[in-house]
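Understanding the architecture of this molecule
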Amino acid sequence: MGTTLYWAVADCWNVVRRGLTHYQRQPVNIAWQLGFPILSVLLYGYVFGSAMVVPGGGDYRDFLMPGMFAMTMAFGFINTATLVVHDATKGVIDRFRSMPMAPSAVVSGRGVTDLLVACAELAILMLTALAIGWRPDGGIVGGLAAFALLLWLRFALIWLGVWLGLLVPNPEAAGGLFAVAFPLTMISSIFVAPQLMPDWLGAVAAWNPISSTVAATRDLFGTPVGAGDSWVEQHALLMAGVWPAVLTLVFFPLAARKFAALGR
Amino acid sequence: MADGDHAVRAEGLVKKYGDKRALDGFDLTVRRGTVHGLLGPNGAGKTTAVRVLGTLLRFDGGRAEVGGADVASRPREVRRRIGLTGQYAALDEVLTGRQNLEMFGRLFHLGGRRAKARATELLDQFGLTDAGDKGVGKYSGGMRRRLDLAASMILTPDVLFLDEPTTGLDPRGRGEVWESVRELVAAGTTVLLTTQYLEEADKLAGRITVIDQGRAIADDTPEGLKRSVGGDRIEVVVTDAADLSRAAKIVARGGAEPVVDEEALRVHAPVADRVAALTDAARTLQDEGVAVEDIGLRRPSLDDVFLRLTGRAA
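Report on the accompanying structure. Because the structure is a prediction, the values reported are computed rather than measured.

**Remarks on the overall build of chain A**
For chain A, the helix and strand inventory stands at 12 helices and zero strands. Scanning chain A from its N terminus toward the C terminus, one meets helices and strands in the order α-α-α-α-α-α-α-α-α-α-α-α. A compact globule built from 264 residues should have a C-alpha radius of gyration of about 18 Å, and chain A, at 19 Å, falls within 12% of that. Out of the 264 residues in chain A, the part that is buried amounts to 51%.

In structure tokens:
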């Protein structure tokens, strides 16, 4: 039992090393991954910023930053899915499965790699935000708690990504997931407060799991925003913990089952 | 099944996908230290057989042993004894050749230092030392397959499964892979090779199992298989189509039924006394003034075997 656990961890780490070596050999990949959120920060912050209204009357860029962080985490599942489908179609997963390594490492290695990359992404985004004048005033503890909540969302979406990666037939199809993900991030509190949307749309946006993470991190970063009246908006911190747990409970078993089904 | 002579033994393997039986009572015995060809058309069950024996797919019936370990009950033991190379080179395209081998070495639990040393050895063995520090994305098809083979050889497996190792390669790439396979076999590895190329099975395999619709329908040496279709044939290609029927009569003088291919201006017929029949036919053709483009003895090819056994061309 002890050696089983040892190899599960050691094999996972070796798969992680492989994933990180990818970024070392192709640093431009991380730039691509960050390109969209950084561009969004600049576009929404500067182009639309002056026309945007923030409930409570704060600065739009301060309002936007936590949304950008959460959006980057949310889109992360597309990266996970793309990398998984690549390994599946190239036969790399089959090679791993034909080797005497811990089978769990194939998936756990992917998850740990993606979380480490998410840390780097968040750090770079936050530095970018600070450079253009973002000044959170939630203190160190609030900042770290916000960081942890963002990673918690990313963690939950790893399983969605793994499941989709094993489900879709090819990398091109995984790229197509962006078309689904983009509206899902728009109908949330990332760009606009839900109470400013038409009622029905605002309700959908408020119950979007991403919105809870965004609202909770705004609060933890000390961004002054008047929260909406709905229950889910009033309990953002709680729901920022609950939603990713629910997502994990749904998608982890689906991913595990899909992985086991490779042998059927 | 404790017979130590056999690297692979499968009895009555069944693999179902819904109502369809991809393997339907498949039997296979591969002797240690040999190259065994598994030959069959697309969809015959070749890849399924290899994936079952390589522990990648669970099966529904029968039993199988690889390297002395039971596939169903001890898959991890089997994985320690096999190398598996699928239809696509299963490599990390971003990493270098060396990084690929080191990664797989560590995942084979060699430890960092031994994984590095083994990678260097294998790059050398497979003629990839110069390309070792280049990204695999820049490799040619033949180089990828050789690196793929190298990755399968990290633990020096008892049994190497090669699933269509040269599909999609140009003739040069195929030659490179064949050369590597021959070297591995010379060093004692048992190889189970699936292929659609009859030429490949003929060149590499000492024994061939023909699979069709999930069952082994023949198992013999390449020579034995060819003999089973019939002996040698005499073949004549004429210059003028008008001479075809006369040529057919001449080559069939032994009483056998001639086969006439009007497109290719070719006739052939089975013969018993090879050389005598050839000289006799050549002389008669000349005496009767039939202009001959080509004349010769032809052994049956595995294509003929295939056509005969399955009623379809390969």
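Next comes the rest of the account.
**Here we look at the overall build of chain B**
Within chain B, the regular secondary structure consists of 11 helices and 14 strands. Viewed in the frame of its principal axes, chain B has a C-alpha envelope of about 75 × 45 × 35 Å. Expressed as a percentage of its 314 residues, the buried residues of chain B come to 51%. Residue pairs at least 24 apart in sequence account for 67% of intrachain contacts in chain B once pairs closer than 6 positions are excluded.

**Remarks on the pattern of salt bridges**
Counted by the stated rule, this structure contains 29 salt bridges over all chains. Ionic pairing is found between R110 of chain A and D114 of chain A, a salt bridge with its closest N-O pair at 3.0 Å. A residue pair is termed a helical-turn pair when its members lie 3 or 4 positions apart in one helix, as R110 of chain A and D114 of chain A do in helix 5 (residues 104-131) at four residues. Residue classification places R110 of chain A among the buried positions, given a relative accessible area of 11%. By relative accessible area, which is 3% here, D114 of chain A ends up buried. Of the charged contacts, one joins D114 of chain A and R154 of chain A as a salt bridge, the two residues approaching to 3.7 Å between their closest N and O atoms. You can see D114 of chain A sitting in helix 5 and its partner R154 of chain A sitting in helix 6 (residues 139-167), a full 40 residues away along the chain. An identical accessibility class is assigned to D114 of chain A and R154 of chain A; each is buried. Through salt bridges with shared partners, a single network forms among R18 and D87 of chain A together with D92 of chain B.

**With respect to a nonpolar patch on the surface**
All names here are of chain A. Taken together, the side chains of L39, L42, L43, Y46, V47 and F48 define a hydrophobic patch exposed on the protein surface, amounting to about 560 Å² of accessible area. Mapping L43 onto the fold places it in helix 2 (residues 28-48). Looking at L43, the relative accessible area reads 43%, which means it is partly exposed.

**Re the sheet that holds strand 2 (residues 20-31) of chain B**
Residue and element names in this part refer to chain B. Read across the open sheet, the four strands follow the order 2-1-4-5; overall the sheet is antiparallel. Each edge of the open sheet carries a strand with a single partner, namely strand 2 and strand 5 (69-70). Pairing of strand 1 (residues 6-17) with strand 2 involves nine bridges; the strand directions are antiparallel. Bridged to R9 within strand 2 is T29.

**Remarks on the side chain of S211 of chain A**
Residue and element names in this part refer to chain A. Tracing the backbone through its elements, the reader meets S211 in helix 10 (residues 209-220). Since its relative accessible area comes to 3%, S211 is described here as buried. Discounting chain neighbours no more than four positions away, the residues touching S211 are S188, S189, A205 and A206.

**With respect to helix 4 (residues 112-125) of chain B**
Working note: α-helix, 3.6 residues per turn, so residues spaced by three or four point in the same direction. All names here are of chain B. Helix length check: helix 4, at 14 residues, gives a terminal C-alpha distance of 20 Å against a target of 20 Å (1.5 Å per residue), a fit within 8%. For helix 4, the set of buried residues is A115, R118, A119, L122 and L123. Mapping the buried residues of helix 4 onto a view down its axis gives an arc of 135 degrees, with all of them on the same face. Those residues of helix 4 that are exposed and aimed more than 90 degrees away from the buried face are R113, R114 and D124. Buried-residue contacts for helix 4 involve helix 3 (97-107) and helix 5 (141-152). Positive backbone phi, approximately 65 degrees, marks G127, located one or two places after helix 4.

**So, the packing of helix 5 of chain A against helix 6 of chain A**
All names here are of chain A. At a minimum axis distance of 10 Å, the contact between helix 5 and helix 6 shows a crossing angle of 140 degrees. Here helix 6 runs oblique to helix 5, going by the angle between their axes. Of the two elements, helix 5 crosses helix 6, and the hand of that crossing is right-handed. Contacts from V107, R110, G111, D114, L115, A118, C119, L122, A123 and M126 in helix 5 reach F147, L150, L151, R154, F155, I158, W159 and V162 in helix 6. Among the residues forming the contact of helix 5 with helix 6, the class breakdown is 14 nonpolar, one polar and three charged.

**Details of the packing of helix 10 of chain A against helix 12 (residues 236-260) of chain A**
Residue and element names in this part refer to chain A. In the contact formed by helix 10 and helix 12, the axes pass within 8 Å of each other and the chain directions differ by 130 degrees. Relative to helix 12, helix 10 is oriented oblique. Remark: the crossing between helix 10 and helix 12 carries left-handed chirality. Each of P209, S212, T213, A215, A216 and L220 in helix 10 lies in contact with helix 12, whose residues at this interface are A236, L237, M239, A240 and W243. When its residues are assigned to classes, the contact of helix 10 with helix 12 shows nine nonpolar, two polar and no charged.

**Topic: the sheet that holds strand 3 (residues 35-39) of chain B**
All names here are of chain B. If you trace the six strands from one edge of the open sheet to the other, you get 6-7-8-3-9-10, paired in mixed fashion. The sheet is open, and its two borders are formed by strand 6 (82-85) and strand 10 (215-220), each paired with just one other strand. Sheet twist, expressed as the average angle between the axes of neighbouring strands with direction ignored, equals 15 degrees. One ladder, built from four bridges, connects strand 3 with strand 9 (residues 207-212); its direction is parallel. Residue pairing in the sheet places G37 in a bridge with I208 of strand 9. Packed onto the sheet, helix 1 (residues 46-53) meets strand 3, strand 6, strand 7 (159-163), strand 8 (190-195) and strand 9 and runs at close to 150 degrees relative to strand 8.

**A word on the environment of T166 of chain B**
Residues and elements named next belong to chain B. Topologically, T166 is positioned in the loop between strand 7 and helix 6 (171-186). Separated by 21 residues in the primary sequence, T166 and R145 have C-alpha atoms spaced 7.8 Å apart. Among the polar contacts made by the side chain of T166, one reaches the side chain of E200 at a distance of 2.3 Å.

How each quantity is defined
Residues numbered from 1 in each chain as written. Chains lettered and ligands numbered in written order. Predicted model: local features only at pLDDT ≥ 70, side-chain atom pairs only at ≥ 80, totals over all residues. Heavy atoms only, no water. Helix = DSSP H or I, 4+ residues; strand = E, 2+ residues; numbered from the N terminus. Rg over C-alpha atoms; globule rule 2.2 N^0.38 Å. Buried < 20%, exposed > 50% of the residue type's maximum accessible area, 1.4 Å probe, protein only. Contact = heavy atoms within 4.5 Å. Salt bridge = Lys/Arg side-chain N within 4 Å of Asp/Glu carboxyl O. Patch = residues over 30% accessible without salt bridge, like charges linked within 9 Å, V, L, I, M, F, W, Y side chains within 5 Å. Areas by Shrake-Rupley, 256 points an atom, 1.4 Å probe, with all protein chains shown as cover. Pairing = 2+ DSSP bridges. Expected span 1.5 Å × (residues − 1). Arc of directions from axis to C-beta. Axes fitted to C-alpha atoms, helices over the stretch in contact; angles between N-to-C directions. Parallel < 35°, antiparallel > 145°, perpendicular 65-115°, else oblique. Left-handed = near helix turned anticlockwise from the far one by under 90°. Nonpolar A, V, L, I, M, F, W, Y, C, P; charged D, E, K, R; others polar. Polar contact = N/O pair within 3.5 Å; in protein donor to acceptor, adjacent residues only side chain to side chain.

On their own, these measurements won't tell you what the molecule is for.
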